[in-house]
Amino acid sequence: AQTIHQWPVAEIKAVGSPLSLGCTIKGKSSPNLYWYWQATGGTLQQLFYSITVGQVESVVQLNLSASRPKDDQFILSTEKLLLSHSGFYLCAWTLDRGYEQYFGPGTRLTVL
Amino acid sequence: GDQVEQSPSALSLHEGTGSALRCNFTTTMRAVQWFQQNSRGSLINLFYLASGTKENGRLKSTFNSKESYSTLHIRDAQLEDSGTYFCAAEGASSSFSKLVFGQGTSLSVVP
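For the structure given in this document, a descriptive report is provided here. (Residues numbered from 1 in each chain as written. Chains lettered and ligands numbered in written order. Predicted model: local features only at pLDDT ≥ 70, side-chain atom pairs only at ≥ 80, totals over all residues. Heavy atoms only, no water.)

A word on the overall build of chain B
So, step 1. In terms of helices and strands, chain B carries 0 helices and 11 strands.
So, step 2. Secondary structure elements of chain B occur, N-terminal to C-terminal, as β-β-β-β-β-β-β-β-β-β-β.
So, step 3. Relative to the compact-globule value of 13 Å for 111 residues, chain B shows a C-alpha radius of gyration of 13 Å, a close match.
So, step 4. Principal-axis analysis of the C-alpha atoms gives chain B an extent of 45 × 25 × 20 Å.
So, step 5. By residue count, 48% of the 111 residues in chain B fall in the buried class.
So, step 6. Long-range pairs, those at least 24 residues apart, make up 55% of the contacts in chain B with a sequence separation of at least 6.
So, step 7. Distance between charge centres in chain B, computed from 9 positive and 9 negative side chains, equals 6 Å. (Helix = DSSP H or I, 4+ residues; strand = E, 2+ residues; numbered from the N terminus. Rg over C-alpha atoms; globule rule 2.2 N^0.38 Å. Buried < 20%, exposed > 50% of the residue type's maximum accessible area, 1.4 Å probe, protein only. Contact = heavy atoms within 4.5 Å. Lys, Arg positive; Asp, Glu negative; His and termini not counted. Charge placed at Lys NZ, Arg CZ, Asp CG, Glu CD.)

So, the side chain of Gln46(A)
So, step 1. Position of Gln46(A) relative to the elements: it lies in strand 5 (residues 44–50).
So, step 2. Polar contacts involving the side chain of Gln46(A) include one to the side chain of Tyr36(A), which spans 2.7 Å. (Polar contact = N/O pair within 3.5 Å; in protein donor to acceptor, adjacent residues only side chain to side chain.)

Examining the sheet that holds strand 3 (residues 19–25) of chain B
All names here are of chain B.
So, step 1. Sheet architecture is open: 5 strands sit in the order 1-3-8-7-6, paired in antiparallel fashion. On the outer flanks of this sheet lie strand 1 (4–7) and strand 6 (52–56), each paired with one strand and no other. In this sheet, neighbouring strand axes are inclined to one another by 15° on average, regardless of whether the strands run parallel or antiparallel.
So, step 2. In this sheet, strand 7 (residues 59–64) lies alongside strand 6 in antiparallel orientation, the contact comprising 5 bridges. In the sheet register, Gly52 faces strand 7, and the bridge partner there is Phe63. (Pairing = 2+ DSSP bridges. Axes fitted to C-alpha atoms, helices over the stretch in contact; angles between N-to-C directions.)

What about the state of the cysteines?
So, step 1. Across all of its chains, the model carries 2 disulfides over all chains by this definition.
So, step 2. One disulfide in the model links Cys23(A) with Cys91(A); its S-S distance is 1.9 Å. The disulfide joining Cys23(A) to Cys91(A) has a torsion of about -70° about its S-S bond and is therefore left-handed. Taken as a pair, Cys23(A) in strand 3 (residues 19–26) and Cys91(A) in strand 9 (residues 87–94) lie far apart in primary sequence, 68 residues in all. Both residues of the pair, Cys23(A) and Cys91(A), count as buried.
So, step 3. The disulfide bridge from Cys23(B) ends at Cys87(B), spanning 1.9 Å between sulfur atoms. Between Cys23(B) and Cys87(B) the sulfur-sulfur dihedral comes to about -100°; the bridge is accordingly left-handed. On the criterion of sequence distance, the pair formed by Cys23(B) in strand 3 and Cys87(B) in strand 9 (residues 83–91) is long-range, its members being 64 residues apart. Each member of the pair, Cys23(B) as well as Cys87(B), is classed as buried. (Disulfide = S-S within 2.5 Å.)

Remarks on the interface of chain B and chain A
So, step 1. If you look at the interface, chain B gives 21 residues, while chain A gives 22 residues.
So, step 2. Between chain B and chain A lies a buried interface of about 1700 Å² when both sides are counted; carbon and sulfur atoms form 53% of it.
So, step 3. At the boundary of chain B and chain A, one finds 5 residue pairs in polar contact (both at pLDDT 80 or more).
So, step 4. Going through the elements one at a time, strand 4 (29–37), strand 5 (43–49), strand 9 and strand 10 (99–101) of chain B are the ones with two or more residues in the side of chain B that touches chain A.
So, step 5. Among the elements that line the side of chain B that touches chain A, the one with the most residues is strand 4 of chain B, at 4 residues.
So, step 6. Taken together, the residues of the side of chain B that touches chain A sort by class into 7 nonpolar, 10 polar and 4 charged. (Buried area = accessible area lost by both parts, 1.4 Å probe. Nonpolar A, V, L, I, M, F, W, Y, C, P; charged D, E, K, R; others polar.)

Concerning the pairing of strand 5 of chain B
Residues and elements named next belong to chain B.
So, step 1. With 5 of 7 residues buried, strand 5 lies mostly within the body of the structure.
So, step 2. Direction of pairing for strand 4 relative to strand 5: antiparallel, over a ladder of 6 bridges. Bridge pairing links Gln33 to Tyr48 in strand 5.
So, step 3. Taking the residues between adjacent antiparallel strands as the criterion, strand 4 and strand 5 are bridged by 5 residues, where Gly41 takes a positive phi near 100°.

Below, the structure written as structure tokens:
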């Protein structure tokens, strides 16, 4: 069975500090991977997607970047956090376009 | 771009009753997913539909791609059904699995 892990579970960071959030998929090779962001009380917005190692496409510009260093790993990062980066970050995977997406447990980020 | 309009934004049900949530799409969608988000924020997959109707226990969902809408019916609501429900759809012309989410329905089931 496939499992998806995200780390850390929660972070409290200062404005202007760097950030790195991680996502790992186990039990599925070459998944399509996604990052989503959800503002408190809001809906989800897709940020990035990756079809293969080393390839990442941006969907929305939020002063964030993403990388896929390994087949089963997806990283979201920024060198300088903004207050507007606060929220809930979710990683998701799917077999391919046209298949069901499955989400990780999420990371709650508070920027002060 | 692709838009998803979800209604109602909030809903209160007494235990044992039922209701329906609806999502309207502004463009042709390839498929729709329905999720329940629990208090911890986890998204639980309820349905994935490319067409037609699916049923699972007290939940039933329909996707009509021709008329650009999807519904989620809840019957015999239980306290544990409380949470936020989202529909999310994938545009037919999308080159990747771009899910566009509705604004969510906050469901409260009360005794």
